[in-house]
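So the chains spell out like this:
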Amino acid sequence: MRKILFLIVFIALNAKAQKMNEVHELDAKLFKEQTEQTKNVQLMDVRAPYEMQSGYLKGAKNLNIDDVDFNQKLKLFNKELPVYVYCVSGRRSEKAAKQMLEQGFKEVYTLKGGFKKWLNSDYETSLDYIEIKSLTLAQYQNILKSEKPVLVSFFNAQCNNCEQLNRELVLKAEHMQKDLILLRIDTEMNRQLANELQIQSVPTVRLYKEQREFWQANGNIKLNSLDKQLKKVIRSK
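Residues numbered from 1 in each chain as written. Predicted model: local features only at pLDDT ≥ 70, side-chain atom pairs only at ≥ 80, totals over all residues. Heavy atoms only, no water.

Student: Would you take a moment to explain the nonpolar core for this structure?
Tutor: In a soluble, globular protein the nonpolar side chains are often hidden away together inside. Judged by nonpolar contacts, the single largest core of 18 residues is most densely connected at L135, Y140, V152, L183 and I185. Beyond its immediate stretch of four places on either side in the chain, Y140 contacts L135, V152, F154, L183, I185, L193, L197 and Y208. With 17 residues, the next largest nonpolar core counts L151, L169, M176 and V205 among its residues. (Core = buried A, V, L, I, M, F, W, Y, C linked by side-chain atoms within 4.5 Å. Buried < 20%, exposed > 50% of the residue type's maximum accessible area, 1.4 Å probe, protein only. Contact = heavy atoms within 4.5 Å.)

And the structure:
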């Protein structure tokens, strides 16, 4: 009898240990419920900072999975508590989660379908500004490969009109998040890119579709003109 009891306990503990060493994939609804119900939730966005400009989950901390010091930065998170991880589609979050388990994290949950699925579920996101530095031309061009039109705002802190313009652009992007990517680039922090793209003044706004420039404006940008162009580019998707 004691042997049977010992065996049952051993199997139960072994099953629990195995479960703790697995990546748990949650659909958007369950991911939302658990992150909202968890006190002091640990929420991790493993995309590059410039990708977060298109929106991110409120409260998420950014740890770019492609950074060489990713494993070192994991020390910012408590290994003993659950961590919820997401990326664009789910591939990078799965990679990050496996690395986290190897580093001794007890429970790691990923968002099935990634941020795309979150958006398609009409769940709340944040478009608060995420600072990006030294964005390369290759990274910029990679953003333009998006299936959605991309609206780029070039600005800097010395520009009197830029802050108000960016606020207006965020309001528009919030209502068009399924159909549009908004990218805000500080030319002072990305001087090489600004030179390569021949940005002569700020504010400058460029609208892209399928990697091609669809429309651009600078200086005193008319929002009604921008609205017309946005309608055209989204209607022609």
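Having seen the structure, we can now continue with the description.
Student: Can you help me understand the state of the cysteines in this one?
Tutor: One way to say it: the disulfide is the covalent bond shared by the sulfur atoms of two cysteines. Applying the stated criterion across every chain, the model contains one disulfide. Two residues share a disulfide in this structure: C159 and C162, whose sulfurs sit 2.1 Å from each other. With the S-S dihedral at roughly 90°, the linkage between C159 and C162 falls on the right-handed side. Among the residues examined, C159 registers a relative accessible area of 12% and is labelled buried. (Disulfide = S-S within 2.5 Å.)

Student: I tried to follow the pairing of strand β6 (residues 150–155) on my own but got confused; where do I start?
Tutor: Remark: a regular strand shows side chains that alternate across the two faces of the sheet. Of all six residues in β6, six are buried, a share of seventy percent or more. Neither face of β6 is open: one carries V150, V152 and F154, the other L151, S153 and F155, and all of them are buried. Between the parallel elements β6 and strand β7 (residues 181–186), the chain passes through helix α8 (residues 162–175) in a crossover that is right-handed. (Helix = DSSP H or I, 4+ residues; strand = E, 2+ residues; numbered from the N terminus. Right-handed = clockwise from strand over helix to strand, strands pointing away.)

Student: Is there a simple way to explain the pairing of strand β5 (residues 108–111) in this structure?
Tutor: Residues of β5 alternate between two faces, with V108 and T110 on one and Y109 and L111 on the opposite face, all of them buried. Where strand β4 (residues 83–86) lies against β5, three bridges are found, and the strand directions are parallel. Each residue of the ladder has a partner; that of Y84, found in β5, is Y109. Regarding topology, helix α5 (residues 91–102) serves as the crossover connection from β4 to the parallel β5, and that connection is right-handed. (Pairing = 2+ DSSP bridges.)

Student: For this particular structure, what's the right way to read the sheet that holds strand β3 (residues 61–62)?
Tutor: In sheet architecture, strand pairing relies on hydrogen bonds along the backbone and comes in two forms, parallel and antiparallel. As summarised here, the arrangement of the five strands in space is β1-β5-β4-β2-β3, forming an open sheet in which the pairing is parallel. Whereas interior strands pair on both sides, the edge strands pair on one side only; in this sheet they are β1 (23–26) and β3. Strands β1, β2 (42–45), β4 and β5 of the sheet are contacted by helix α2 (residues 28–37), whose axis makes an angle of about 135° with β5. Its contacts with the sheet put α5 on β1, β2, β4 and β5, and the angle it makes with β5 is roughly 175°. (Axes fitted to C-alpha atoms, helices over the stretch in contact; angles between N-to-C directions.)

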